[in-house]
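Listed below, chain by chain, are the residues.
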Amino acid sequence: MSDITQHLLSLRHALPPGVDLVAVSKFHPAEAVAEAYAAGQRVFGESREQELRAKHAALPQDVRWHFIGHLQTNKVRAIAPYVSMIESVDSARLLAEIEKQAAACGRVIDVLLEVHVAREETKSGLAPDELRTLLNDGAWRNMPHIRPRGLMAMASNTDNTDTVCADFRAARQLFDEVKAQHFAHDDNFNVRSWGMSHDWPLAVECGSNHVRVGTYIFGER
Ligand SMILES: *Cc1c(COP(=O)(O)O)cnc(C)c1O
């Protein structure tokens with residue numbers, strides 16, 4: 001059994017029921033993705049348009065590709081025909097562009113709104129008030145080609161588990177708030193995407209039901 005297969009199976013075994021796994025394959029070759037595919041994995045995360053395009057062409061068509069990196073509006077058109085979910089929506093402008101490009105290819109694209117809960121200035125995502133403004137503004141309600149599925153977040157980059165846990169709990173609170181205010185009757189809005197290789201067990205403890213794990217499965221980048 002290869003290392004990739006072994007790590008994938010042990011991770012699957014460790015994840016509680018109801019927690020989905022995105023295998024983050026960025027910077028690893030298509031052959032590595034193919035190994036994970038052979039072991040049954042179907043959902044993969046990529047953070048660059050060109051790299052995603054090459055792997056999409058090389059892998060079977062039933063792979064579900066999630067875009068997880070910062071996405072420039074001028075790159076949306078290229079991924080719209082096939083991307084399954086865009087997890088990193090961080091502006092109203094990006095959301096409108098996804099609607100436009102999804103409509104142009106007759107698709108509905110799942111999206112997560114990325115929220116900034118970490119203590120660092122550098123992390124991307126919408127500040128809590130920006131998230132509230134975007135949702136209250138309501139333009140998204142007239143976007144039939146996007147399907148809001150939930151929130152994505154990253155914790156502060158620190159070994160201090162109290163800090164990391166507080167970040168994840170803040171994401172959970174925001175999720176509950178916007179779910180109640182805007183999506184109470186929308187069963188599709190149910191994804192809480194937080195947790196990576198080093199912090200996913202803590203993330204799951206703090207309400208994640210969707211983890212994005214790269215290094216643990218594929219090795220160092
Ligand atoms: C790279 C990346 C991951 C995976 O991180 P690992 O530490 O390799 O598990 C998860 N989420 C996002 C947004 C990433 O860019």
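Structure shown above.
Residues numbered from 1 in each chain as written. Predicted model: local features only at pLDDT ≥ 70, side-chain atom pairs only at ≥ 80, totals over all residues. Heavy atoms only, no water.

## Topic: the site of the ligand
All residues adjacent to the ligand are V24, K26, I68, M152, M154, M196, S197, R212, V213, G214, T215 and R221. At 2.9 Å from a nitrogen atom of the ligand is found a side-chain nitrogen or oxygen belonging to R212. About the coverage of the ligand: the protein hides 89% of its 390 Å² of free accessible area. Within the residue set of the shell around the ligand, elements represented by two or more residues are β6 (146–154) and β8 (210–213). Class assignment of the residues belonging to the shell around the ligand gives a composition of six nonpolar, three polar and three charged. (Near = heavy atom within 4 Å. Polar contact = N/O pair within 3.5 Å; in protein donor to acceptor, adjacent residues only side chain to side chain. Areas by Shrake-Rupley, 256 points an atom, 1.4 Å probe, with all protein chains shown as cover. Helix = DSSP H or I, 4+ residues; strand = E, 2+ residues; numbered from the N terminus. Nonpolar A, V, L, I, M, F, W, Y, C, P; charged D, E, K, R; others polar.)

## A word on the environment of P144
Along the chain, the position of P144 falls in the loop between α6 (128–137) and β6. On the basis of relative accessible area, P144 is assigned to the exposed category, the value being 58%. Taking C-alpha positions, P144 is 9.3 Å from A102, a pair spaced 42 residues apart along the chain. Residue contacts for P144: discarding those within four places in its chain leaves E99 and V108. (Buried < 20%, exposed > 50% of the residue type's maximum accessible area, 1.4 Å probe, protein only. Contact = heavy atoms within 4.5 Å.)

## Remarks on the packing of aromatic side chains
If you walk through the whole model with that rule in mind, you get four aromatic pairs. With 3.8 Å between their ring centres and 0° between their planes, F183 and F189 make a pair best called stacked. Grouped by ring-pair contacts, the aromatic residues W140, F175, F183 and F189 constitute a single cluster. Taking the ring centre of Y37 as reference, the NZ or CZ of R42 above it sits at 3.5 Å. Directly above the aromatic system of F175 lies the positively charged group of R192, at a separation of 5.0 Å from the ring centroid. (Phe/Tyr/Trp six-rings, centres within 6.5 Å; stacked < 30°, edge-to-face > 60°. Lys NZ or Arg CZ within 6 Å of the ring centre and 35° of its normal.)

## Re the nonpolar core
The biggest cluster of nonpolar side chains holds 64 residues, and the ones touching the most others in it are I86, I98, L131, L151 and I217. The element best represented in this core is helix α7 (residues 161–182), accounting for seven residues. The residues touching L131, leaving out its near neighbours within four places in the chain, are L113, V115, L126, L151, L174 and V178. (Core = buried A, V, L, I, M, F, W, Y, C linked by side-chain atoms within 4.5 Å.)

## Some words on the packing of helix α1 (residues 3–14) against helix α2 (residues 30–38)
The interhelical angle for the contact between α1 and α2, taken along N-to-C directions, is 50°, at an axis separation of 9 Å. It follows from the interaxial angle that α1 and α2 lie oblique. For the pair α1 and α2, the crossing hand works out as right-handed. Counted together, I4, T5 and L8 of α1 and A32, E35 and A36 of α2 form the full contact between these two elements. Of the residues that constitute the contact of α1 with α2, the class distribution is four nonpolar, one polar and one charged. (Axes fitted to C-alpha atoms, helices over the stretch in contact; angles between N-to-C directions. Parallel < 35°, antiparallel > 145°, perpendicular 65-115°, else oblique. Left-handed = near helix turned anticlockwise from the far one by under 90°.)

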